[in-house]
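Topology and contacts: notes
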Amino acid sequence: MDHPQLPRHKDDADLKVMMAGSTFRKVKSRSWKKPRHFRLLEDGLNIWYKSRWAGRGHSTFLVSDVEAVRQGHQSEVLQSIADEFPPNLCFTLEFRGRQGNLDLVAETPEEAGAWVRGMRKLIHKAKNMDEKERLDQWVWDWFLKADKNKDGRMNFKEVRKLLKMMNVDMNEDHAFYLFTMADTSMSSSLEIDEFVMFYKMLTQRDEVWKLFQDYSSDGEMLSRGELENILRIEQQEGDGCVEHAQELIDRYEPSEMARSQGSMSLDGFQLYLCSQEGSIFNTEHKDLYQDMSQPLSHYFLSSSHNTYLLEDQLKGQSSLEAYIQALKRGCRCVEIDCWDGPDDEPVVYHGHTLTSKILFRDVIATISEYAFKASDFPLILSLENHCGVEQQRVMAQHLELILGSMLLRAPLGGEAPQQLPSPQDLKGKILLKTKKIGCETLTDEVSDEDEMVNPDPDSPSTDQGSAECPPDPSKKKAKLKMSRELSDLVVYCKSVHFRGFQHAQSHYKCDEMSSLSESKARKLAKEAGADFVQHNIRQLSRIYPSGLRTVSSNYNPQELWNVGCQIVALNFQTAGLEMDLNDGLFHQNAGCGYVLKPGFMRDRELPFDPETPQEHSGYTPLRLSIQILSGQQLPKVNQKEGSIIDPLVRVEVYGVPQDLAKEETSHIQNNGFNPVWNETLNFIVHNPGLALVRFVVEDHDKASRNDFVGQFTLPFTSIRPGYRHIHLLSKDGTSIPPASLFVNVSTSELTSGPD
């Protein structure tokens, strides 16, 4: 078996430079620049690096962990040393997820160019591999890891070590039996082709083989008709099974002869099941499949809070990279906290804290470059304005000058709107959200989030009012002057104080919106859920985390989506359940950051209350049954040699309060490589349109808290029934191939009452 990554590039001049190795300056700041030696390993998968003083110590990272390569002074760090090093020596490796950039300075422009071009080729190759190439790459990677003495063959001692690395605790006699079976040359060692055979025997999937046998008349192959039966009966695909069966054979069957005969082998069948087409996530929902021509208020928007922060909000670093990361993830509402800065230049940071400051103009320039990289649909800039009039004018100048035609300056058609325009109407446009002169009395509450200084958001002293009680007008606040230039740039997102649903209805203007703290919004959701849903059909609501969340933790966004709040802002920099839910909801619809609300949340005639879904006329509860069959190549949690995980699977349902549920399997002792559960978990989902389903794998620990292994979250409406793989994600939301779960999913209408 040839190496899947390098052969085509073995004469590539750039990759030769990378494999020979280069010494770069690694830069963290103007004062921190240290030499590091980097080289591409022979496997074409890993970059190896070390410092001169590290002795034998070194580190590696995967090429596939790098998302993009920027050339020149294209990061804050490299911009800060632009006077020291010319752009043709500088480049930035941009990693997936929340991992920071790697900023490097080469000795010569030629060397920098070779690494930039070489990395881009390898990234392109990794992105465009088919399922078979990915599997080959994975096998080759294990072979190289296990072949400690680099002689191109593996003895049984190396195989035993490999099994531990692969998270397998196998009886030694059985391991030796497989080794002997694969050692066809009888040399007491395995060459790469023999290792492939060993790997195949090791990864023999009994549960896949059984399904294959159930439908294959000769036990050797699936005819196209037999594959059609699987698609129709097991995978519950309707029309188009005949064409789809042929497409799958053409795409996944490795044997040319089988393809020509219109049949599929076990290998081809397994490749199909492990592919995106065999995934639990409906591939049609990966495209832009929703109607984008409805008013903005009819959509959920992927929204970020304190977007400028990379860490916590007391002493974290403010960074342009935080905006880049959020926008690359499809975020459609970012926050900019503006304060008066030196030299008449407004700055962005978390006021009255030790967080570092960045220039407002640099934030706008970054937004200008990245606003529409992940999505063409409108981006909202939520401006927390703490500046005096003079610097507000400067802000307005920067917005107009830097954003140019992207910035929406006037209503579409030039007339006062009767309803909000659609995402389709506003494609490629940036909207400003802040206070506006003449919209309401301007007070010193410039920032929507000023109420956060109150230590108890639910205390009576909060000038917010309840669902229908307006705040006390006797509590006067000092008037604040606002720049006319900045005010004129606010079109469809005029910030107004929330004075209750009745007030909002009687003074209705579709282009006015309110921001509410999580505690205020949750209180309203509980007390007046149906009113909140109706309010959010007509107007936008933005929800933000409590000011008490100083470590930038998050609240559960589902509670606010349940009442139709569109802009539920989360701390994108903080991984965990809440961001998993956000990523899960917005993974659909081409990841464009807009998801159309279910029909019952856009219906003015039939009120919907998430607290009582059964009272809605369209109430159709469903039974969800998930058979957890097996796991494949789950990552190790503890990298210590000999440490093997004891995995369990938990399925969690989030949605209306009645739908909150969790069920889990038992744990499997010492097997992260191919654990088998064969356990069925059952749920009743009262409101499928709002439900999200989260699959979590944990390493069971009886003495302390279980360790997180991987997860995948998706909307209930995007689940495909049948035998499906769930491709797990890391805590950061990045993929960890080939780690997966194999499940059999079925949904059915609830004919009898709930259990």
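Residues numbered from 1 in each chain as written. Predicted model: local features only at pLDDT ≥ 70, side-chain atom pairs only at ≥ 80, totals over all residues. Heavy atoms only, no water.

Focus on the overall build of the chain
- A count of helices and strands for the chain gives 21 helices and 30 strands.
- The C-alpha atoms of the chain give 28 Å as radius of gyration, which agrees with the globular expectation for 755 residues (27 Å, within 12%).
- By principal-axis analysis of the C-alpha atoms, the chain measures approximately 90 × 75 × 55 Å.
- Evaluated residue by residue, the chain yields a buried proportion of 55% over its 755 residues.
- Within the chain, contacts between residues separated by at least 24 positions form 68% of all contacts whose residues are at least 6 apart in sequence. (Helix = DSSP H or I, 4+ residues; strand = E, 2+ residues; numbered from the N terminus. Rg over C-alpha atoms; globule rule 2.2 N^0.38 Å. Buried < 20%, exposed > 50% of the residue type's maximum accessible area, 1.4 Å probe, protein only. Contact = heavy atoms within 4.5 Å.)

Considering the packing of aromatic side chains
- What the rule picks out here adds up to 24 aromatic pairs.
- Ring centres of Tyr 49 and Phe 61 lie 5.9 Å apart, and the angle between their planes is 55 degrees; on these two criteria the pair is classed as tilted. Here Tyr 49, found in strand β3 (residues 46-50), pairs with Phe 61, found in strand β4 (residues 59-62); they are 12 residues apart in sequence, far enough to count as distant.
- Using a relative accessible area of 9% as the deciding quantity, one classes Phe 61 as buried.
- When the ring centre of Tyr 508 is taken as reference, the NZ or CZ atom of Arg 538 above it lies at 5.9 Å. (Phe/Tyr/Trp six-rings, centres within 6.5 Å; stacked < 30°, edge-to-face > 60°. Lys NZ or Arg CZ within 6 Å of the ring centre and 35° of its normal.)

Section: the nonpolar core
- Core analysis: the largest hydrophobic core is formed by 67 residues, its most contacted members being Ile 336, Ile 367, Leu 381 and Leu 399.
- Those residues in contact with Leu 399, other than ones at most four positions away along the chain, are Phe 360, Ile 364, Leu 381, Gly 404, Leu 407, Leu 432, Leu 486 and Leu 489.
- Core analysis: the next-biggest nonpolar cluster, separate from the first, contains 32 residues, Leu 622, Leu 714, Ile 719 and Leu 741 among them. (Core = buried A, V, L, I, M, F, W, Y, C linked by side-chain atoms within 4.5 Å.)

Here we look at the side chain of Glu 237
- Among the structural elements, Glu 237 can be located in the loop between α9 (224-234) and α10 (241-252).
- There is no salt bridge for the buried Glu 237, and the closest opposite charge comes from Arg 724, which lies 4.2 Å off by N-O distance.
- Residue contacts for Glu 237: discarding those within four places in its chain leaves Leu 231, Arg 232, His 244, Tyr 272 and Arg 724. (Lys, Arg positive; Asp, Glu negative; His and termini not counted. Salt bridge = Lys/Arg side-chain N within 4 Å of Asp/Glu carboxyl O.)

Side note on the environment of Phe 300
- Among the secondary structure elements, Phe 300 is positioned in strand β12 (residues 299-304).
- Taking relative accessible area as the criterion, Phe 300 reaches 3% and is therefore assigned buried.

Brief notes about the pattern of salt bridges
- The final tally for this structure, using the stated rule, is 36 salt bridges.
- The partner of Asp 83 in a salt bridge is Arg 30, and the shortest N-O contact between them spans 3.2 Å. Of this pair, Asp 83 sits in the loop between α2 (76-80) and β6 (90-95) while Arg 30 sits in the loop between β1 (22-27) and β2 (33-40); the two residues are 53 residues apart in sequence, bridging distant segments of the chain.
- On the basis of relative accessible area, Asp 83 is assigned to the exposed category, the value being 61%.

Looking at the confidence of the model for the chain
- Of the residues in the chain, 91% have a pLDDT of 70 or more, and the chain-wide mean is 89.
- Counted against residues more than four places away or in other chains, residues 450-476, with its pLDDT under 50, gives 51 contacts. (pLDDT = per-residue confidence, 0-100.)

A closer look at the environment of Gly 21
- Locating Gly 21 in the fold gives a position in the loop between α1 (13-20) and β1.
- Given a relative accessible area of 17%, Gly 21 falls into the buried group.
- When the C-alpha atoms of Gly 21 and Arg 39 are compared, they prove to be 4.0 Å apart, with 18 residues separating the residues in sequence.

A look at the sheet that holds β6
- Taken together, 7 strands build an open sheet; the order of strands is β4-β3-β2-β1-β7-β6-β5 and the sheet is antiparallel. Either end of the sheet is taken by a strand with one partner, and the two such strands are β4 and β5 (66-71). Strand-to-strand, the axes of this sheet are offset by a mean angle of 35 degrees, without reference to chain direction.
- With 4 bridges connecting them, β6 and strand β7 (residues 102-105) associate as antiparallel partners. Bridging across to β7, Phe 91 finds its partner in Leu 104.
- Contacts between α1 and the sheet are confined to β1, β2 and β3, with β2 contributing the most and set at about 120 degrees to the helix. (Pairing = 2+ DSSP bridges. Axes fitted to C-alpha atoms, helices over the stretch in contact; angles between N-to-C directions.)

What about helix α6 (residues 172-182)?
- What α6 keeps buried is the set Ala 175, Leu 178, Phe 179 and Ala 182. Buried residues of α6 fall within an arc of 100 degrees about the axis and therefore sit on the same side.
- Of the surrounding secondary structure, the elements contacted by the buried residues of α6 are β8 (154-155), α5 (156-165), β9 (189-190) and α7 (192-202). (Arc of directions from axis to C-beta.)

Some details on the packing of helix α8 (residues 206-215) against helix α12 (residues 266-274)
- Between α8 and α12, the shortest axis-to-axis distance is 10 Å and the interhelical angle comes to 115 degrees. Crossing angle aside, the handedness with which α8 passes α12 is right-handed. Contacts from Val 208, Trp 209, Leu 211 and Phe 212 in α8 reach Leu 266, Phe 269, Gln 270 and Leu 273 in α12.
- Grouping the constituent residues of the contact of α8 with α12 by class yields 7 nonpolar, 1 polar and no charged. (Left-handed = near helix turned anticlockwise from the far one by under 90°. Nonpolar A, V, L, I, M, F, W, Y, C, P; charged D, E, K, R; others polar.)

Some details on helix α4 (residues 131-146)
- A rise of 1.5 Å per residue sets the reference length of α4, with its 16 residues, at 22 Å; its end C-alpha atoms lie 23 Å apart and thus fit the reference within 8%.
- Within α4, burial applies to Glu 133, Gln 137, Trp 138, Val 139, Trp 140, Asp 141, Trp 142, Phe 143 and Ala 146. (Expected span 1.5 Å × (residues − 1).)

Overview of a positive patch on the surface
- Taken together, the side chains of Lys 148, Lys 150, Lys 157 and Lys 161 define a basic patch exposed on the protein surface.
- Within the secondary structure, Lys 150 is located in the loop between α4 and β8. (Patch = residues over 30% accessible without salt bridge, like charges linked within 9 Å, V, L, I, M, F, W, Y side chains within 5 Å. Areas by Shrake-Rupley, 256 points an atom, 1.4 Å probe, with all protein chains shown as cover. Charge placed at Lys NZ, Arg CZ, Asp CG, Glu CD.)

Thoughts on the packing of α4 against α5
- Running from N to C, α4 and α5 point in directions that differ by 125 degrees, and their axes come no closer than 9 Å. Here α4 lies oblique to α5, going by the angle between them. For the pair α4 and α5, the crossing hand works out as right-handed. Judged by residue contacts, Trp 142, Lys 145 and Ala 146 of α4 engage Glu 158, Leu 162 and Met 165 from α5.
- When the residues that make up the contact of α4 with α5 are grouped by side-chain class, the tally is 4 nonpolar, no polar and 2 charged. (Parallel < 35°, antiparallel > 145°, perpendicular 65-115°, else oblique.)

Focus on the pairing of β2
- Pairing analysis gives 6 bridges linking β1 to β2, with the strands arranged antiparallel. By the bridge assignment, Ser 22 is partnered in β2 with Phe 38.
- Counting the residues between successive antiparallel strands, the hairpin from β1 to β2 contains 5 residues.
- Examined bridge by bridge, β2 and β3 share 4 bridges and lie antiparallel to one another. Residue pairing in the sheet places Arg 39 in a bridge with Trp 48 of β3.
- Linking β2 to β3, which pair antiparallel, is a turn of 5 residues; within it Gly 44 sits at a positive phi near 70 degrees.

A look at the side chain of Arg 720
- Relative to the assigned elements, Arg 720 resides in the loop between β28 (707-715) and β29 (722-729).
- Of the buried charged residues, Arg 720 lacks a salt bridge, with Glu 237 as the closest side chain of opposite charge at 5.6 Å.
- A polar atom in the side chain of Arg 720 sits 3.2 Å from the side chain of Thr 283.
- Beyond its immediate sequence surroundings of up to four residues, Arg 720 is in contact with Gln 276, Glu 277, Gly 278, Ser 279, Ile 280, Phe 281, Asn 282, Thr 283 and Val 745. (Polar contact = N/O pair within 3.5 Å; in protein donor to acceptor, adjacent residues only side chain to side chain.)

Some words on the state of the cysteines
- Applying the stated criterion to the full structure yields 0 disulfides.
- In this structure Cys 493 is a free cysteine whose sulfur lies 7.8 Å from that of Cys 333, the closest cysteine sulfur available.
- By relative accessible area, which is 1% here, Cys 493 ends up buried.
- Looking at Cys 565, it has no disulfide partner, and the nearest cysteine sulfur is the one in Cys 333, 13 Å off.
- Judged by its relative accessible area of 0%, Cys 565 is buried. (Disulfide = S-S within 2.5 Å.)

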